[in-house]
Amino acid sequence: MEQTNVSSGRWKTVVILLLLCVLIAVIPLTIHKNSEFGGADGEAEEAIGQLDPEYEAWADPVLEPPGGETESLLFCIQAAAGSGVFFYCFGVLRERRRHQKESDS
Amino acid sequence: MTRKQKKLVAALFGLSLGLAAAPVANAMHIMEGYLPLSHAVAWGVICIPFLAAGLFSIKKTVAEHRKTLIILAMAGAYAFVLSSLKLPSVSGSSSHPTGTGLGAILFGPSVMSVLGIIVLLFQAVLLAHGGLTTLGANTFSMAIAGPFVAYGVFKLARRLRCPKLVSVFLAAALGDLFTYCVTSVQLGLSHPGEAGFWGATAEFLGIFAVTQVPLAIIEGILTAVVVMGLESYAKNELTELGYFKKGGLS
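A. Fine view of the overall build of chain A. Scanning chain A for helices and strands turns up 3 helices and 0 strands. Starting at the N terminus, the α and β elements of chain A follow one another as α-α-α. Taken over the C-alpha trace, chain A has a radius of gyration of 23 Å; the compact-globule value for 105 residues is 13 Å, which it surpasses by more than 25%. A buried classification covers 21% of the 105 residues belonging to chain A.

B. The arrangement of the overall build of chain B in detail. Within chain B, the secondary structure is distributed over 9 helices and 2 strands. When the 250 residues of chain B are sorted by exposure, 62% land in the buried category. Long-range contacts, defined as pairs at least 24 residues apart, comprise 76% of the intrachain contacts of chain B with a sequence gap of at least 6.

C. Representation of helix H3 (residues 68-104) of chain A within the structure. With 37 residues, H3 of chain A extends 53 Å between its outermost C-alpha atoms, agreeing within 8% with the 54 Å of an ideal straight helix rising 1.5 Å per residue. When H3 of chain A is considered as a whole, its buried residues turn out to be Glu71, Leu74, Phe75, Gln78, Ala79, Ala81, Gly82, Val85, Phe86, Cys89 and Leu93 of chain A.

D. Looking closely at the environment of valine 15 of chain A. Residue and element names in this part refer to chain A. Assignment of secondary structure puts valine 15 in helix H1 (residues 2-31). You can call valine 15 exposed: it has 11 C-beta atoms within 10 Å. It is 29 Å that separates the C-alpha atoms of valine 15 and glutamate 36, two residues lying 21 residues apart in sequence.

E. Region of interest: the interface of chain A and chain B. Counting residues at the interface gives 52 residues for chain A, matched by 63 residues for chain B. At the level of secondary structure, the elements contributing two or more residues to the side of chain A that touches chain B comprise H1, helix H2 (40-51) and H3 of chain A. Considering every element that reaches the side of chain A that touches chain B, the biggest residue donor is H3 of chain A, with 17 residues. Classifying every residue of the side of chain A that touches chain B gives 35 nonpolar, 7 polar and 10 charged.

F. How the structure looks around the packing of helix H6 (residues 135-159) of chain B against helix H7 (residues 164-190) of chain B. All names here are of chain B. Packing of H6 against H7 leaves a shortest axis separation of 7 Å and a crossing angle of 145 degrees. Read as a crossing pair, H6 and H7 show a hand that is right-handed. For the contact of H6 with H7, the class distribution of residues is 18 nonpolar, 7 polar and 2 charged.

G. Main features of the domain arrangement of chain A. Along its sequence, chain A is carved into domain 1 (1-59) and domain 2 (66-105). For domain 1 of chain A versus domain 2 of chain A, the distance between C-alpha centres works out to 22 Å.

H. Highlighting unusual backbone geometry. For arginine 161 of chain B, which is not a glycine, the phi torsion comes out positive at approximately 65 degrees. For arginine 161 of chain B, a count of 9 C-beta atoms within 10 Å gives the class exposed.

I. Molecular detail of the packing of H3 of chain A against helix H3 (residues 69-82) of chain B. The interhelical angle for the contact between H3 of chain A and H3 of chain B, taken along N-to-C directions, is 150 degrees, at an axis separation of 8 Å. With respect to H3 of chain B, the element H3 of chain A is oriented roughly antiparallel. Relative to H3 of chain B, H3 of chain A is oriented so that their crossing is left-handed. For the pair formed by H3 of chain A and H3 of chain B, the contact residues are Gln78, Ala79, Gly82, Ser83, Val85, Phe86, Cys89 and Val92 of chain A on the first element and Ile70, Ala73, Met74, Ala77, Tyr78, Phe80 and Val81 of chain B on the second. Class assignment for the residues of the contact of H3 of chain A with H3 of chain B results in 12 nonpolar, 3 polar and no charged.

J. Structural detail: H7 of chain B. Helix length check: H7 of chain B, at 27 residues, gives a terminal C-alpha distance of 39 Å against a target of 39 Å (1.5 Å per residue), a fit within 8%. Judged by how many residues are buried, H7 of chain B sits mostly within the fold: 21 of 27 residues are covered.

How each quantity is defined
- Numbers given for residues are sequential positions, taken from 1 along each chain in its written order.
- To label them, take the chains in the order written and letter them from A, then take the ligands in the order written and number them from 1.
- Local features in this predicted model are restricted to residues of pLDDT 70 or higher, and side-chain atom pairs are both shown and tallied only at a pLDDT of 80 or more, whereas totals for entire chains, interfaces and linings draw on every residue.
- Under the scheme used here, helices are H or I runs from DSSP no shorter than 4 residues and strands are E runs no shorter than 2 residues, and both carry numbers assigned from the N terminus.
- Computation of the radius of gyration draws on C-alpha atoms alone. For the globule rule, the value is 2.2 Å times the number of residues to the power 0.38.
- Each residue is classed by its C-beta neighbour count within 10 Å, where at least 20 other C-beta atoms makes it buried, 12 or fewer makes it exposed, and intermediate counts make it partly exposed; the C-beta atoms are placed from backbone geometry.
- Placing a C-beta atom from the backbone of each residue, one calls two residues in contact when those atoms lie within 7 Å.
- Expected span of a helix: the number of residues minus one, times 1.5 Å.
- For this classification, the nonpolar set comprises Ala, Val, Leu, Ile, Met, Phe, Trp, Tyr, Cys and Pro, the charged set comprises Asp, Glu, Lys and Arg, and every other residue, Gly included, is treated as polar.
- Only the stretch in contact is used when fitting a helix axis, every axis being a line fitted to C-alpha atoms; angles between N-to-C directions are given from 0 to 180 degrees.
- Each helix crossing is assigned a hand: it is left-handed if the near helix lies turned anticlockwise from the far helix by less than a right angle, otherwise right-handed if that turn is clockwise.
- Per the annotation, domain bounds derive from an automatic or database assignment of domains.
- Oblique is the label for every angle not falling under 35 degrees (roughly parallel), over 145 degrees (roughly antiparallel), or within 65 to 115 degrees (roughly perpendicular).

Take a look at the structure:
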């Protein structure tokens, strides 16, 4: 019984912490209603243009996705593959512990 | 190769395939062609010893702590997911966390130099994000400077008797933030313009570091949550890595 109390307390903490993360990410959206939230590296390009107007980028990317749709596909694959590996491992660890507990008791 | 090594290689291969799919609009790495040749080469050379140390460190982990390979795979996958999350920030622009703190805390900072350069290489080649000419500089900021700060902060916080999870939070958040500070300094060195090195660096800090503050906090919280999970489910592995030792890791 004590064990379940401990783990439910942990779960609560996890949920609260994750909600906090969501909150931190959402607040900027409500502050800057008109912003498109472009990348900070694009802004850096502009800043270089102002600081160093003579400078010209002397190399181009080797490959570039043709457009936004392909880019978002690649983006989804990255997130999906990463979390796939990550949570597969987590699942393995969790089940392993469950089996250990069962064989102990 | 032993079976476990094969498993690791397979995991890394899956990881790198995923990395290849990183989005173009990721907002952190220095853009292709935006560092002068001399700077690009210098940053690359600086990275070499760290990468060698990282390879030796991974080799040692494979040889002596086979059990922990699953955690190493998770650390890589974690960096990989986090660097795909473009998050809105209070500055009105977007950026993404680095995810290198977790691996640095558990396996030491040099391991992340190898995992990080794999991420950066694929993003540069296939996604027009970052670049081959700026690979050295980006590796130094994301895969070396950030992880070393994360590791140092973790050890320091543990020595000051901060609770473990608070130490993890501080380490991951500050490592993330420091990565972008280094990026700003690198750009300031290359593009001082009329503002001079300090003025230009301040300008880039205003763009990168300010945007990064809330994201660094998010990375800190997430990393602490992951370590909480590992504490419950992978106690043996963490013990083997020295996580529960007094005064932090070996």
